[in-house]
Amino acid sequence: MNSPIPLSDQLAAAARTLLAVEQGRSLTDVLAKTPARLRPGVQALAFHALRHWGEAGVLIGLLADRPPEGAARALLGLALTLLLPQAVGGNVSYAAHTVVDQSVQALAQLKLPSGLAGFVNACLRRYLREQDELLLKAGEDLQARWNHPFWWVQRVRRDHPQHWQAILAANNRPAPMVLRVNRRRVGRDDYLQTLRAQGLLAEPVGRDGITLAQAVAVGLLPGWEQGHCSVQDLAAQLAAPLLLDGADLPAGARVLDACAAPGGKTAHLLECAELDLLALDVDPQRCERIRDNLQRLGLKAELRAADAAETARWWDGRAFDAILLDAPCTASGIVRRHPDVRWLRRSGDIAQLAAQQLRLLEALWPTLGAGGRLLYCTCSVFKAEGEQQVRDFLQRHLDAQLLPSPGHLMPGEPAEALLGASVGSDNLVGMDGFFYALLLKRPAG
């Protein structure tokens, strides 16, 4: 039997993780290099802390005129998020005296100067004594109140004046674990019965989806290795039916997935129809991830490592019947699943990524045959990456027609609002934020 891992060990590792995020590293990448025995606890602590990182930063400023830097500051911020009223009774809930004691012990593991232990101990104890006053003062700060960078709050407020508060609040709640059943291997109803027989509470959602009441390791999902299902949010599951439904594509239709990694939407397209599908991604290693995913699911596509916008390097001149362009973006719609995104992004990233999206749209449009459809999507709530991008494209291309499309989907938006889907009320926590625009290429003249 494995002995319990001391909280101080997890706090020290989580502080290093948070410091790495503050230095610009992806939380996913950092966690992948965390020792396996520590990873579950560190992930839970890091997710919790990043959802309250704005408030933690303001509290540190209120508690110390000259706050520490580096790992000590990260540890202090982490400890403060564990002492917030929202943490009590949560997934990472600990008694206040335990948090204080174990945080001081974690400082020694981080090999920081011994004098910092007294400083951190004093800050945490002062917070506990003056909690109500400090939280009231912190709440006056917009970044602390919403736990997003100030520029992000302002941008969402400008783009969605009627829904900005709901969007930011949804970002701070955990997302559900949603599966997509591989219809080529098993029926959804049959797979639901299998899940329930193993004691996993689950409800159908959308066309091929299942929402789990509690997240589990994929290795514990029945039929995982046999390709019976994939993990994919319902918003992402909309791509395949939006592109294929009503397109009247013949078997073997020529389809391009332009920015395909890690291959979830690629696989769903192939699960839904017989296609001659080319999947591109600029990163050769990410192409291998697509290959592995398709192999597990028993699916085949042509894979190529290439920049989709550099068509002269990969396109053979044969027009595509349909194109899926899931363009690189800020990922501002999937903050529920990636709480580090808001702290990694800078306001200037939006314009840079919008320019990249424009480059892809302009390059790929000539490869689409007349009567073909291009589905443009981003996992973003920023209009510069969605609504505005498509509006400008339509003004430049008179042969493009916007077909009925969902447009911007907000994080936490109920699934049945879009799909009429039946979802258990206990599991209804909505979809990720996304943008979808379906474009038809009209014949010349």
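Placed above this text is the structure.
First, a word on scope: everything that follows refers to the structure included in this document.

Once that is clear, we can look at the overall build of the protein. In terms of helices and strands, the protein carries 20 helices and 11 strands. C-alpha atoms of the protein, sized along the principal axes, occupy 75 × 50 × 40 Å. When the 445 residues of the protein are sorted by exposure, 52% land in the buried category. In the protein, of all internal contacts separated by at least 6 residues, the share reaching a separation of at least 24 is 75%. Side chains of the protein give 47 positive and 46 negative charges; the mean places of these two sets differ by 3 Å.

Before going further, it helps to spend a moment on the sheet that holds strand β10 (residues 400–409). Read from one edge of the open sheet, seven strands run β7-β6-β5-β8-β9-β11-β10, paired in mixed fashion. Each edge of the open sheet carries a strand with a single partner, namely β7 (302–305) and β10. When the angles between neighbouring strand axes are averaged without regard to direction, this sheet yields 15°. Sheet topology places strand β9 (residues 368–378) next to strand β11 (residues 434–441); six bridges connect them, and they run antiparallel. Counterpart to Cys377 in the pairing with β11 is Tyr436. Most of the contacts of helix α15 (residues 264–272) go to strand β6 (residues 275–281), to which it runs at about 180°, and overall it touches β5 (253–257), β6, β8 (320–326), β9 and β11. Across the face of the sheet, helix α16 (residues 284–297) comes into contact with β6 and β7 while running at roughly 165° to β7.

Turning next to the packing of aromatic side chains. All chains considered together, the criterion is met by eight aromatic pairs. Geometrically, the ring pair formed by Trp151 and Trp152 is tilted, given 5.5 Å between the ring centres and 50° between the ring planes. Look at Trp152 and you get buried, because its relative accessible area is 0%. A centroid spacing of 6.3 Å and a plane angle of 40° characterise the contact between Trp314 and Phe320, whose relative ring orientation is tilted. Classification of Phe320 by relative accessible area gives buried; the value is 1%. Ring pairs connect the aromatic residues Trp151, Trp152 and Phe382, which therefore count as one cluster.

Scoring rules and cut-offs
Residues numbered from 1 in each chain as written. Predicted model: local features only at pLDDT ≥ 70, side-chain atom pairs only at ≥ 80, totals over all residues. Heavy atoms only, no water. Helix = DSSP H or I, 4+ residues; strand = E, 2+ residues; numbered from the N terminus. Buried < 20%, exposed > 50% of the residue type's maximum accessible area, 1.4 Å probe, protein only. Contact = heavy atoms within 4.5 Å. Lys, Arg positive; Asp, Glu negative; His and termini not counted. Charge placed at Lys NZ, Arg CZ, Asp CG, Glu CD. Pairing = 2+ DSSP bridges. Axes fitted to C-alpha atoms, helices over the stretch in contact; angles between N-to-C directions. Phe/Tyr/Trp six-rings, centres within 6.5 Å; stacked < 30°, edge-to-face > 60°.

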